Amino acid sequence: MVLLMTPGLGLFYGGMTRAKAALNMIMMSFISAGIVGVVWVLWGYSMTTGDGVLGIFGNPFANFGLQNLMGSPDLIKAGYSATFAIITVALISGAIADRAKFGAWALFVPLWITVVYCPLAYMVWGGGLMSAGGAVTAVFGQVIDFAGGAVVEISSGTAALVLALIVGQRHGFAKDPNHRPHNIPFIMLGAAILWFGWFGFNGGAATTAEQAGLIWVNTLVTPAAAMLSWLVTEKIRHGHPTSLGAASGVVAGLVAITPSCANISPVAAIGLGFVAGAACAVFVDLKYRFGLDDSLDVVGVHLGAGLIGTLALGFIALPVDGQGGGLLYGGGAQQLIAQTAAVVITLLLSGAGTFVIGRAINKTIGFRVSLEAETAGVDLAEHAESAYAFGEIGAGFNPQHPVSHSPAAGLADSAERLRKSATRVKEDSFA
């Protein structure tokens, strides 16, 4: 279920780009699965578990190749956790849509997983600084991040922000109407796949049937409420509720419930969804005010809702055996302090790590395609493919207008039909 989220993300992102960048966007998700799958078996999983280095990351050679896990149930954990790493780095790609070199992205993926994701996963889930008994926990209290509000959402949203600044704006950003999403059904299908997969994303680590039930209901109701509040916000601010808004609202709600899915009540989950949906509907518009070309709203949705969901636990976390809990349950400020510490550490690590990796790639092989390649479309420039055969539409034989049997006349007629077809494609903003 979680692995299916990555191709679902490819469809979601692919529909949000121009038609001539759709395949590139889908490929950025697929190549993430290919690269991270190999990295995870070789050294990635080993860096997220076991004895650590200063509580920051595990020994990459302790379980190199997972040889030591063969015949052990821990191999299930290794395979499951790989799918989290895959979707996390794939999320970042939406911030640099339509203008990034595929080779640069393929180099960024393993470096970011190694430098940023694996240490964060170890610190929160693997026995590191923010785990039970860790140094950060001893000072600030135990962080709650059941399925990755900090590890997945805030880290990818922060990386998206930094990478968008490094790569720069698309040509025509906020001016060219052709930058609008080209395929809304793709977006809706991708969002549906993400919602389905998220039940495995949140619920796969449940330890009891009771916990699994709570996670299932919260993963259902938070995105539902977020979708409704996003649509209402759109209606108030722009006059129309949109399909893109519905899909984005669902994703915002899923992001928000990720860290807290096992630790808040269903009623609180509804409230969290209402807040996240409305807030993120506003957040995504801020990129125009600040000139940030967060192409597919990764920062506005994943960083925005990730922060909301992670910090909200300081207010609405349920007490455990009558102890602790958020401020609204009389638990004091301790949980909010712990969540804030996790947010700050994640922002710093992901921001600094992404900056170093992104700048290094940009200064060496370059992260951005040429103006000519961006204008022609990254699908053709990077993959020699096109998602849609526009030039062939209407170019077939028409029996009402027969052509001469002369080869020269036939070629001339074919060339004229292709010229007219190409002209129509050029004038069609959809292209």
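Everything quoted here is computed from the prediction, not taken from an experiment. (Residues numbered from 1 in each chain as written. Predicted model: local features only at pLDDT ≥ 70, side-chain atom pairs only at ≥ 80, totals over all residues. Heavy atoms only, no water.)

As for the overall build of the chain
If you tally the helices and strands in the chain, you get 16 helices and two strands. Its C-alpha atoms give the chain a radius of gyration of 24 Å, near enough to 22 Å, the size a compact globule of 431 residues would have. Principal-axis analysis of the C-alpha atoms gives the chain an extent of 90 × 50 × 40 Å. Sequence separation of 24 or more characterises 75% of the internal contacts of the chain that already satisfy a separation of 6 or more. Here the chain displays about 18,300 Å² of accessible surface, and carbon together with sulfur accounts for 68% of that area. Here the chain contributes 20 positive and 23 negative side-chain charges, whose respective centroids are spaced 10 Å apart. (Helix = DSSP H or I, 4+ residues; strand = E, 2+ residues; numbered from the N terminus. Rg over C-alpha atoms; globule rule 2.2 N^0.38 Å. Contact = heavy atoms within 4.5 Å. Areas by Shrake-Rupley, 256 points an atom, 1.4 Å probe, with all protein chains shown as cover. Lys, Arg positive; Asp, Glu negative; His and termini not counted. Charge placed at Lys NZ, Arg CZ, Asp CG, Glu CD.)

Observations regarding unusual backbone geometry
A positive phi angle, close to 60°, is found at Leu 66, a residue other than glycine. With respect to the helices, strands and loops of the structure, Leu 66 is situated in the loop between strand 2 (57–58) and helix 3 (74–92). The backbone of Ala 174 sits at a positive phi, close to 70°, despite the residue not being glycine. Position of Ala 174 relative to the elements: it lies in the loop between helix 6 (149–167) and helix 7 (184–203).

As for the nonpolar core
If you look at the biggest cluster of nonpolar residues, it comprises 102 residues, and the most contacted ones within it are Phe 12, Phe 108, Trp 112, Ile 113 and Tyr 117. For this core, the element with the highest residue contribution is helix 4 (residues 102–125), accounting for 14 residues. Apart from residues lying up to four places away in sequence, Trp 112 is in contact with Thr 88, Val 89, Ile 92, Tyr 117, Ser 155, Ser 156, Ala 159, Ser 350, Thr 354 and Ile 357. (Core = buried A, V, L, I, M, F, W, Y, C linked by side-chain atoms within 4.5 Å. Buried < 20%, exposed > 50% of the residue type's maximum accessible area, 1.4 Å probe, protein only.)

Points about the packing of aromatic side chains
Evaluation of the coordinates by the stated rule reveals 11 aromatic pairs. When the centroid spacing of 5.4 Å and the interplanar angle of 25° are considered together, the rings of Trp 105 and Phe 108 count as stacked. Residue Trp 105 and its partner Phe 108 are located together in helix 4, separated by three residues, close to a single helical turn. Given a relative accessible area of 0%, Trp 105 falls into the buried group. Classification of Phe 108 by relative accessible area gives buried; the value is 0%. Cluster of aromatic residues (ring-pair linked, three or more members): Tyr 80, Phe 84, Trp 125, Trp 198 and Phe 201. (Phe/Tyr/Trp six-rings, centres within 6.5 Å; stacked < 30°, edge-to-face > 60°.)

A few points about the side chain of Asp 294
Following the sequence through the fold, Asp 294 ends up in the loop between helix 11 (286–290) and helix 12 (298–316). Separated by 3.4 Å, the side chain of Asp 294 and the backbone nitrogen of Gly 300 make a polar contact. Ignoring any residue separated from it by four or fewer positions in sequence, one finds Asp 294 in contact with Ala 95, Lys 287, Val 299 and Gly 300. (Polar contact = N/O pair within 3.5 Å; in protein donor to acceptor, adjacent residues only side chain to side chain.)

Some words on helix 10 (residues 266–283)
Taking 1.5 Å per residue, 18 residues should reach 26 Å; helix 10 reaches 25 Å between its end C-alpha atoms and fits that length. Of all the residues in helix 10, the buried ones are Ala 268, Ala 269, Leu 272, Gly 273, Ala 276, Gly 277, Ala 279, Cys 280 and Ala 281. (Expected span 1.5 Å × (residues − 1).)

Observations regarding the UniProt feature "domain: Ammonium transporter AmtB-like" (unreviewed entry) in the chain
UniProt marks residues 2–388 with the feature "domain: Ammonium transporter AmtB-like" (unreviewed entry), using the numbering shown here. In residues 2–388, helix accounts for 66% and strand for 1%; the two terminal C-alpha atoms are 29 Å from one another. (UniProt positions renumbered as here; feature names shortened; annotations may be inferred.)

Some thoughts on the pattern of salt bridges
Taken as a whole and assessed by the stated rule, the structure comprises six salt bridges. The salt bridge involving Arg 18 is made with Asp 98; its shortest N-O contact spans 2.6 Å. Of this pair, Arg 18 sits in the loop between helix 1 (2–16) and helix 2 (22–44) while Asp 98 sits in the loop between helix 3 and helix 4; the two residues are 80 residues apart in sequence, bridging distant segments of the chain. The exposure classification of Arg 18 matches that of Asp 98, with both residues buried. Here the salt bridges do not stand alone but share partners, grouping Arg 99, Arg 170 and Asp 293 into one network. (Salt bridge = Lys/Arg side-chain N within 4 Å of Asp/Glu carboxyl O.)

Examining helix 2
When helix 2 is considered as a whole, its buried residues turn out to be Ala 22, Asn 24, Met 25, Ile 26, Met 28, Ser 29, Ser 32, Ile 35, Val 36, Val 39, Trp 40 and Gly 44. The inward-facing, buried residues of helix 2 abut helix 1, helix 3, helix 4 and helix 15 (378–383).

A few points about a nonpolar patch on the surface
Together, Phe 315, Leu 327, Leu 328 and Tyr 329 make up an exposed nonpolar region whose accessible area comes to about 390 Å². Note that Leu 328 resides in the loop between helix 12 and helix 13 (334–364). (Patch = residues over 30% accessible without salt bridge, like charges linked within 9 Å, V, L, I, M, F, W, Y side chains within 5 Å.)

A look at the packing of helix 6 against helix 12
It is the contact of helix 6 with helix 12, at a shortest axis distance of 8 Å, that shows an interaxial angle of 145°. Crossing handedness for the pair helix 6 and helix 12: left-handed. Touching Gly 149, Ala 150, Glu 153, Ile 154, Ser 156, Gly 157, Thr 158, Ala 160 and Leu 161 of helix 6 are Val 298, Val 299, His 302, Leu 303, Gly 306, Leu 307 and Thr 310, all from helix 12. Classifying every residue of the contact of helix 6 with helix 12 by side-chain character gives eight nonpolar, seven polar and one charged. (Axes fitted to C-alpha atoms, helices over the stretch in contact; angles between N-to-C directions. Left-handed = near helix turned anticlockwise from the far one by under 90°. Nonpolar A, V, L, I, M, F, W, Y, C, P; charged D, E, K, R; others polar.)

Concerning the packing of helix 8 (residues 209–238) against helix 9 (residues 243–257)
The contact between helix 8 and helix 9 brings their axes to 7 Å, and the two run at 135°. As judged from the angle between their axes, helix 8 and helix 9 are oblique. In this structure, the crossing between helix 8 and helix 9 has a hand that is right-handed. On helix 9, the residues touching Asn 218, Thr 219, Thr 222, Pro 223, Ala 226, Met 227, Trp 230, Leu 231 and Glu 234 of helix 8 are Gly 245, Ala 246, Ser 248, Gly 249, Val 250, Ala 252, Gly 253, Leu 254 and Ile 257. Looking at the contact of helix 8 with helix 9 residue by residue, the class counts come to 10 nonpolar, seven polar and one charged. (Parallel < 35°, antiparallel > 145°, perpendicular 65-115°, else oblique.)

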